[in-house]
Amino acid sequence: MIEIGSFIKLQRTKQEMTLGELSEGIVSVSYLSKIENQKTQASPEIIQLLCNRLGIEVDNNQEEAIKEKCQQWYSMLFEVSDKDEVIATYKEIQEMMDKNLSDSLMMFEIHKIRYYLILGEYDEALKKINELSEISGTFDNLQQYYWFKFRGNYNSSSGNQNQAMYYYKLAEERISRLEIEENEIADLQYIIAITQSKLRNTLEAIDYANKSLNIFMKQYNFIRCAQCHNVLGISYRRIKLYDKAIKNFNLALHLGKLDKNKQLIQLTNQNLGYLYSTKGDSVEAIKHYKEIIFDCEVDIVERLASVSSLVREYYNIKNYQEARNSIKYGLKLIEEVQDMEPYKIFYYVIYTYNYLLSEKFDKFETLVAKEFIPYLKLHKDYASIVIYAELLAKHYEKLFKYKDAAKYYKEANFAYEQISNI
Amino acid sequence: MKKLLAGLSLVALLVGGFAFVQDNNATDLTMDREPTIYGTSSTTVQF
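What comes next is a walk through the structure. As the structure is a prediction and not an experimental result, all values here were calculated from the model. (Residues numbered from 1 in each chain as written. Chains lettered and ligands numbered in written order. Predicted model: local features only at pLDDT ≥ 70, side-chain atom pairs only at ≥ 80, totals over all residues. Heavy atoms only, no water.)

### Describing the overall build of chain B
- Looking only at helices and strands, one finds one helix and one strand in chain B.
- Sorting the 47 residues of chain B into buried and exposed places 40% on the buried side.
- Working note: accessible area of chain B is about 2,800 Å², and carbon and sulfur atoms make up 71% of it. (Helix = DSSP H or I, 4+ residues; strand = E, 2+ residues; numbered from the N terminus. Buried < 20%, exposed > 50% of the residue type's maximum accessible area, 1.4 Å probe, protein only. Areas by Shrake-Rupley, 256 points an atom, 1.4 Å probe, with all protein chains shown as cover.)

### Points about the overall build of chain A
- Counting secondary structure elements, chain A contains 22 helices and one strand.
- A burial count over chain A gives 56% of its 422 residues as buried.
- Taking the contacts inside chain A whose residues are at least 6 apart along the sequence as the reference set, 59% of them involve residues at least 24 apart.
- Here chain A has roughly 19,600 Å² of accessible surface; of this, 48% comes from carbon and sulfur atoms. (Contact = heavy atoms within 4.5 Å.)

### A look at helix H14 (residues 242-258) of chain A
Residue and element names in this part refer to chain A.
- The end-to-end C-alpha distance of H14, which contains 17 residues, comes to 24 Å, matching closely the 24 Å that a straight helix rising 1.5 Å per residue would cover.
- Of all the positions in H14, only Tyr242, Ala245, Ile246, Asn248, Phe249, Ala252, Leu253, Leu255 and Gly256 are classed as buried.
- Buried residues along H14 sit in contact with helix H13 (222-238) and helix H15 (262-279). (Expected span 1.5 Å × (residues − 1).)

### Some words on the state of the cysteines
Residue and element names in this part refer to chain A.
- This structure, assessed with the given rule, holds zero disulfides over all chains.
- In this structure Cys228 is not part of a disulfide, and its nearest cysteine sulfur, from Cys225, lies 6.4 Å away.
- Judged by relative accessible area, Cys228 falls into the buried class, the value being 0%. (Disulfide = S-S within 2.5 Å.)

### Here's the deal with the packing of helix H8 (residues 122-133) of chain A against helix H9 (residues 141-157) of chain A
Residues and elements named next belong to chain A.
- Across the interface, H8 lies against H9 with an axial gap of 11 Å and an inter-helix angle of 145°. Crossing of H8 against H9: the hand is left-handed. Of the residues in H9, those touching H8 at Tyr122, Ala125, Leu126, Ile129, Leu132 and Ser133 are Trp147, Arg151, Tyr154 and Ser157.
- Grouping the amino acids of the contact of H8 with H9 by side-chain chemistry returns seven nonpolar, two polar and one charged. (Axes fitted to C-alpha atoms, helices over the stretch in contact; angles between N-to-C directions. Left-handed = near helix turned anticlockwise from the far one by under 90°. Nonpolar A, V, L, I, M, F, W, Y, C, P; charged D, E, K, R; others polar.)

### Section: helix H3 (residues 29-36) of chain A
Residues and elements named next belong to chain A.
- Here H3 has its buried residues at Leu32, Ile35 and Glu36. The buried residues of H3 occupy one face: seen down the axis, they fall within an arc of 95°.
- Those residues of H3 that are buried are in contact with helix H1 (4-14), helix H2 (19-23) and helix H4 (44-54).
- Immediately beyond the C-terminal end of H3, within one or two residues, lies Gln38, with a positive phi of roughly 55°. (Arc of directions from axis to C-beta.)

### Quick notes on the packing of helix H17 (residues 300-316) of chain A against helix H19 (residues 344-357) of chain A
All names here are of chain A.
- Their axes nearest at 9 Å, the elements H17 and H19 cross at an angle of 30°. On the basis of the axis angle, H17 is roughly parallel to H19. The way H17 lies across H19 gives a crossing that is left-handed. Contacts from Val301, Leu304, Ala305, Val307, Ser308, Val311, Arg312 and Tyr315 of H17 reach H19 at Phe346, Val349, Ile350, Tyr353, Leu356 and Leu357.
- Split into classes, the residues belonging to the contact of H17 with H19 amount to 12 nonpolar, one polar and one charged. (Parallel < 35°, antiparallel > 145°, perpendicular 65-115°, else oblique.)

### Some thoughts on a nonpolar patch on the surface
- The grouping of Leu203, Ile239 and Leu241 of chain A at the surface amounts to a nonpolar patch, some 280 Å² of accessible area in total.
- Structurally, Leu203 of chain A can be placed in helix H12 (residues 202-218). (Patch = residues over 30% accessible without salt bridge, like charges linked within 9 Å, V, L, I, M, F, W, Y side chains within 5 Å. Salt bridge = Lys/Arg side-chain N within 4 Å of Asp/Glu carboxyl O.)

### Quick word on the side chain of Arg303 of chain A
Residues and elements named next belong to chain A.
- Mapped onto the elements, Arg303 comes out in helix H17.
- The charged side chain of Arg303 is buried without a salt bridge, its nearest counter-charge being Glu336 at 5.0 Å.
- Beyond its immediate chain neighbours, meaning those up to four positions away, Arg303 contacts Ile292, Ile293, Asp295, Cys296, Val298, Tyr329 and Leu333. (Lys, Arg positive; Asp, Glu negative; His and termini not counted.)

### So, the packing of aromatic side chains
Residues and elements named next belong to chain A.
- Under the criterion given, the structure shown has 24 aromatic pairs over all chains.
- With 5.5 Å between their ring centres and 50° between their planes, Tyr315 and Tyr320 make a pair best called tilted.
- Note on Tyr320: relative accessible area 30%, which makes it partly exposed.
- A connected cluster of aromatic rings, assembled from ring pairs, spans Tyr315, Tyr320, Tyr347, Tyr348, Tyr351, Tyr353, Tyr355, Phe372, Tyr375 and Tyr388.
- Taking NZ or CZ as reference, Arg224 lies 5.1 Å from the ring centre of Tyr190, over its face. (Phe/Tyr/Trp six-rings, centres within 6.5 Å; stacked < 30°, edge-to-face > 60°. Lys NZ or Arg CZ within 6 Å of the ring centre and 35° of its normal.)

### Brief notes about the nonpolar core
- Core analysis: the biggest nonpolar cluster contains 151 residues, and Ile8, Trp73 and Leu132 of chain A have the highest contact counts within it.
- Both domains that meet at this core, namely domain 1 (4-54) and domain 2 (359-422) of chain A, each give it at least three residues. (Core = buried A, V, L, I, M, F, W, Y, C linked by side-chain atoms within 4.5 Å. Domains from an automatic or database assignment.)

### A closer look at the pattern of salt bridges
Residue and element names in this part refer to chain A.
- Applying the stated criterion across every chain, the model contains 25 salt bridges over all chains.
- Glu184 serves as the salt-bridge partner of Lys149, at 2.7 Å between the closest nitrogen and oxygen. On the criterion of sequence distance, the pair formed by Lys149 in helix H9 and Glu184 in helix H11 (residues 182-198) is long-range, its members being 35 residues apart.
- Note on Lys149: relative accessible area 1%, which makes it buried.
- When salt bridges with common partners are traced through the structure, they connect Glu79, Lys149, Glu184, Asp187 and Arg224 into a single cluster.

### Overview of the environment of Leu170 of chain A
Residues and elements named next belong to chain A.
- Here Leu170 lies in helix H10 (residues 161-175).
- Of the residues examined, Leu170 reaches a relative accessible area of 15% and is grouped as buried.
- Separated by 23 residues in the primary sequence, Leu170 and Trp147 place their C-alpha atoms 9.7 Å from one another.

### Here we look at unusual backbone geometry
All names here are of chain A.
- Despite not being glycine, Glu359 shows a phi value in the positive range, around 55°.
- Positive phi, close to 55°, is recorded for Lys380, a residue that is not glycine.
- Here Lys380 is to be found in the loop between helix H20 (361-378) and helix H21 (382-398).
- The exposure class assigned to Lys380 is partly exposed, which follows from its relative accessible area of 26%.

Below is the structure:
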């Protein structure tokens, strides 16, 4: 049964009522505060009066219907489905919750974090987290599991991978105390694999990706399998086991094609392109990048990512004409993006090479030194710092500016140290 | 001579870099593209 105190507090804050407004003529403010914080057991009569004022019926006639609807909605949030359907079901449940005291309320409130994240409403998700923080002490084990998982999701979406990992690990600890379905466990393991990969904890990423892959394979969930193969491909590339990496990427491509999932196919092409780039096989790298850039079915961010990679690849093999053509296309894509902030990295990459190739060296130096490298430092993207600090250092070296060159070689070296164990 | 000194100072700076402590909170924005953390089921509409 849901704790009545938490329920009253939740409803009161949602309706923006003060303690005084709700308690007036029923109980004292301090007594209501004690009820809300579960420091006392109020009589059924008082609860009835408080609920009346909040406009809530204290019956559970609709309990089964609410429970069923919630389960349906949670499944929609688990495997992202039709946006309109998710919103419509949410509204339907919210209406029922507003009129009934349901056991499912707290879990519904916790799932709202995931709901807002999926809709891209990050401020609302944070607001919900802050609101629930006050009553999180009353959560049971299952509620805690989702509370931690979704808080992790919030941090993943805001780019704070270390904090995300902290919450995912707390969620993982709850699994042993609960009877959770296998696909939910696989989902958490998959998310941990992604987060470990982003943190460049390669062996842990492999471990968790394999664990989740085993479950998804048993369930014939091709798309999730393909996503796991992508994480494995990235990880094996990082430890230079190229054959294993290619095998995993090819499996991901195969599964993506089986499901006609363009996003996944092109994501894999991007990763394969980068693999060949690091192996020094520019021809193969360019082939994979080119598969993506003109595919209008793919998110613009993926096209921008591959144009950026393509520019770098052409520059590295000194095919400056093709690099310029790719820059031109990249600038056109940048114009199409309404909110560039989340994709600023690609803006910097394209403009860096644009200034360098058009010999606007002052602009190049200012952009890389004053904006791009500080941006990368802020996001702790050390792999990119190695590349762009070295690019700037080489530029200064060519101009015999050895002091500046040394400064940026040192930056590159420091960044390299952060992602490698020597 | 001037070039040699500059070269030497560059090497010294590079070696000095090894004294830094490794950061275990590194992220990667461009190179590898990990899939989404949100579940994607087959034959569904993407957000």
